[in-house]
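As a plain string of letters, each chain reads:
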Amino acid sequence: MNLGTGIRKQLQLLGVVPALFMLGLLLVALTWQRFEDADRDLQALGGFMASQLASSSEYGVLAGNYSDLRRQAQLAMQQADLQYVVFRDNEGKVLLYEGRQDRVPGSSIIEFHSGIYRQPLLDTETMSVSANGGDSPVRIGEVVLGMSSSRLLARQKEILLASLIPAMSAMILGLWIAHYLARQIASPLNYLSGLLRTLRGGDYHVRGTSELQGELGDLQSDINQLASSLEEARVDQQSAINELQAAHKQAQTASQAKSDFLAMMSHELRTPMNGVLGMLQLLEQTRQSEEQHEYTQVALESTGHLLDVINDILDFSRIEAGRMDLDPVFFELEPLLDNCLSTFRYLAEKKGLYLKLEKDSLIAGRLVRTDPTRLRQVLNNLISNAIKFTNEGGITVAASTHQVREDWLDVKLSVTDTGIGIPEDKQSRLFQAFSQVDSSTSRRFGGTGLGLAIARRLSEMLGGTLTLSSSEGGGSTFTVALRLFFRSDITDDREVVLIGHEEEPHTLHGLVLLVEDNEVNLMVARRILEQMGVTVVTAMNGREALTKAEQRDFDCILMDVQMPVMDGMEATRRLRQWEREQGRVPMPVVALTANAMEEERERCLAAGMNAHVAKPFRRQQLSRVLTPYLTPERAQSGR
Amino acid sequence: MIWLLLSAAPAHAREKLKVHVQAAEGPFKSGFVNALQAGNADILLAPSGEAAEMIVALGDEAFSRSVQFGKPLLGVFVSRRLEETLRRKGCHCAAIWAGVALNDQLAMLQLMMPVAANVGIIIGRNSAWSEGTVQDYRGRLGLTLFKVDDQAELGKVLREELDSLDALLLPVDESLFGPDSAKLVLLTSYRLRRPVFGPEQSYVHAGSAASLFASGGDLVSETLIQLESFMARKRFRRSGFVHTPSVIVNEHVANSFDMRFHDSEALRSALEVMP
């Protein structure tokens, strides 16, 4: 509490200041009055002495009797305050001066003058003025008394002292009373204030127990009730918090369970999918009749759709869990757009639709910075949907840019179709997860209903928006608007990712250790690798792979992650440790896992692996990943 | 004064005179004795009256006591009445009377108040001037004599009579005009605007306008004259007042009454040139 403005201080001031003011006024008035009295007394004394001396010095002045005058003066000088006596004749000539030798220098003198008169002759027998005298008193001179004011000053000091001592006593008493009363009033307030502070500090168990009366008693009672209420509220709140925490924990557990389930499902689905897809790809390479080839293509297409569905579910799950990370790099937008369109060109042409790209000239030669994988995912989703819901006409992908600042570019990517369009009242539901325009759409066109939800969330994660402009029967335009950091210097290849068309698998060379516990997948991978021209050595688990790796050098090791005996992670860590201990050049290790989650990829890299291929994989994917390690030059160099 | 005493000393040697000075012990006596010796080398001081050829008595009391020695006795500053009384009883004595001669005082008064015409004189039984003395005055001033027996009558006389007078002249009279009555006499006179003259120096100090008086020097000079006379003729000169009295003026009173001379020197000078 600030003592300067505390209630106790204020009460003291309120109690003391008016009393002190009044006391001061009274003191001044009384002192002044007594000063006046003292001054008046001095004046009266001086006047009286002067007149007495004047009357007694008549003879001395008349007779020029200096002895008599001196005697009169000396008699008068017995009065201690009298400093000097002067007798003057009627012409002002000094007849006698009698003064003190020990006069205090500097002390002020108050003079009293009294005329000396020659009195008429008094007949002592009749006590009447003699007829002979006749005349009235005649002034024959004057006496001047010099009175020191020191006595007056001393008297004034006495008065002042006599006034101040009671005043000081009264003031001290007043202060003490004010202090006592203020404490009597302020102490309960301070007590209650302390009580409130304790409550504010969170201790709601405290109760006021002081025996207070009146309003303060009521206030204490109110504070106690408030404390009770707060305590009850806190109990309720704690209970609610506990429930919330439990719910949160439950939700977390559920979320973890969901993630675990998704990961498990991803793995469990992808593993057989890998077998199916791999076998279909191998089958596709065999000599087939036209009918068989058609069946194989349908099977491959269906497998691709199934894989898309699985990927959508996983992506949405990752976005919901906040585990979707972006990897922004500089890249050229134009090749990405071309690549996206070329991916769907076959599909569009098969439906008799045109698919064209309209781009302004500013796109060319500029490197924008964002995550190309996710942007491609958004565009693929939009183009895929457009083809899916368009039966006539075609799809136009338009790219326009607008430079907003020196190094910022507004990019608008729109996908316009001439399809069935979307009713306005159903557009808001379109971006919601697991939602399609209506259930018939799902039945008619298939899909999980996650695509647009994922595309919008990814657009927002990229710092942009995804909007829709459509009318029923009038086609739809989905627009991705992004504000991207860019640079024009494409010669600086730092962080630049080159995006190109998927190429046919290269012919590779070298010795690959394929580690896979699933026999089907082992066979699929082995056949695909052998078709690529690679010599394959297999191992069924990590330990076996480690043994083989220690026995001979491989140009690359394709390592499954989840395996019995020793998983791929542990095998890679031990391999890396062995290589360090032996001082050997590390062998490239590419993870081959059915877990497509991003965390899995990071865990693989953390364990010492060089790359990551998610199952099921296409031949092109595998070829692209292995190319850096299995080119003829590398293979011939003996690593 | 010393110079006067020295100049008064005879130049030739004479028979020594053993003199005993009878007086109350005090500075006046010792000063007086010293001045006598300094004034006349022929005077030998006798330690007692018995051993002396003559006795000099200062004051009435010493004068009265010295009679018992039966030797020539010179009273100095003694009252006229006492000297005359003792002389009538056969005392071989003479005296320098206390006070000054009436005529001298009146002459002085005339100088101070030339316009005064009527002067009152109060005398008592022991006054330096007798009624006859006053009556013998032949000057131009008109004198009014008031005879009083004691101080109690003074007030009444003064109140009743002063109004008709121009001034009041007082004789030396220890019983009438001592310190006790001075204030009465002077205050009464001055309240009636009548100046008082005489009788001697202390009275002037007390308020009398002016007075001739026999000073110590005057008395020594007069005593030396008597002693020389005695040594020469074995008898005293006639008793009388000092011949050359001193003068004193109360300047304040003289100013108040606007008298002719306001200070003693001026008055002395004027008196010296008087015939």
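Residues numbered from 1 in each chain as written. Chains lettered and ligands numbered in written order. Predicted model: local features only at pLDDT ≥ 70, side-chain atom pairs only at ≥ 80, totals over all residues. Heavy atoms only, no water.

Engineer: How should the overall build of chain A be read in this particular structure?
Structural biologist: Helix and strand counts for chain A come out as 17 helices and 19 strands. For chain A, with 639 residues in total, the buried portion stands at 42%. Nonlocal contacts in chain A, meaning residues at least 24 apart in sequence, comprise 70% of its contacts between residues at least 6 apart. When the accessible area of chain A is evaluated, it comes to approximately 34,200 Å², of which 53% is carbon and sulfur surface. (Helix = DSSP H or I, 4+ residues; strand = E, 2+ residues; numbered from the N terminus. Buried < 20%, exposed > 50% of the residue type's maximum accessible area, 1.4 Å probe, protein only. Contact = heavy atoms within 4.5 Å. Areas by Shrake-Rupley, 256 points an atom, 1.4 Å probe, with all protein chains shown as cover.)

Engineer: Would you mind showing me how to read the side chain of Ser 229 of chain B here?
Structural biologist: Relative to the assigned elements, Ser 229 of chain B resides in helix H10 (residues 216-233). On the basis of relative accessibility, which here comes to 5%, the residue Ser 229 of chain B falls in the buried class.

Engineer: Would you mind going over the interface of chain A and chain B with me for this structure?
Structural biologist: How big an interface is tends to be stated in terms of accessible area lost as the parts join. Contacts between the two partners involve 21 residues from chain A, matched on the other side by 19 residues from chain B. Here chain A meets chain B over a buried area of about 1,700 Å², counting both sides, of which 52% is carbon and sulfur. At the boundary of chain A and chain B, one finds 1 salt bridge. With a closest N to O distance of 2.6 Å, Glu 58 of chain A and Arg 191 of chain B form a salt bridge. Of all elements in the fold, only helix H2 (58-63) and strand S4 (122-123) of chain A reach the threshold of two or more residues within the side of chain A that touches chain B. Counting residues per element, the side of chain A that touches chain B draws most heavily on H2 of chain A, at 5 residues. (Buried area = accessible area lost by both parts, 1.4 Å probe. Salt bridge = Lys/Arg side-chain N within 4 Å of Asp/Glu carboxyl O.)

Engineer: It is not clear to me how the packing of aromatic side chains should be interpreted in this structure. Could you clarify?
Structural biologist: For any pair of aromatic rings, geometry is given as the distance between the ring centres together with the angle between the planes. On inspection of all chains with the given rule, the structure shows 10 aromatic pairs over all chains. Here Trp 408 of chain A and Phe 485 of chain A contribute two aromatic rings whose centre-to-centre distance is 5.5 Å and whose plane-to-plane angle is 65 degrees, an arrangement assigned as edge-to-face. Of this pair, Trp 408 of chain A sits in strand S11 (residues 408-417) while Phe 485 of chain A sits in strand S13 (residues 476-487), and the two are 77 residues apart along the sequence. On the basis of relative accessibility, which here comes to 27%, the residue Trp 408 of chain A falls in the partly exposed class. Seen from their ring centres, Tyr 190 of chain B and Phe 257 of chain B are 5.4 Å apart, and the 40 degrees between their planes marks the pair as tilted. Of the two residues, Tyr 190 of chain B sits in helix H8 (residues 179-191) while Phe 257 of chain B sits in the loop between helix H11 (251-256) and helix H12 (264-272), which places them 67 residues apart along the sequence. Of the residues examined, Phe 257 of chain B reaches a relative accessible area of 17% and is grouped as buried. (Phe/Tyr/Trp six-rings, centres within 6.5 Å; stacked < 30°, edge-to-face > 60°.)

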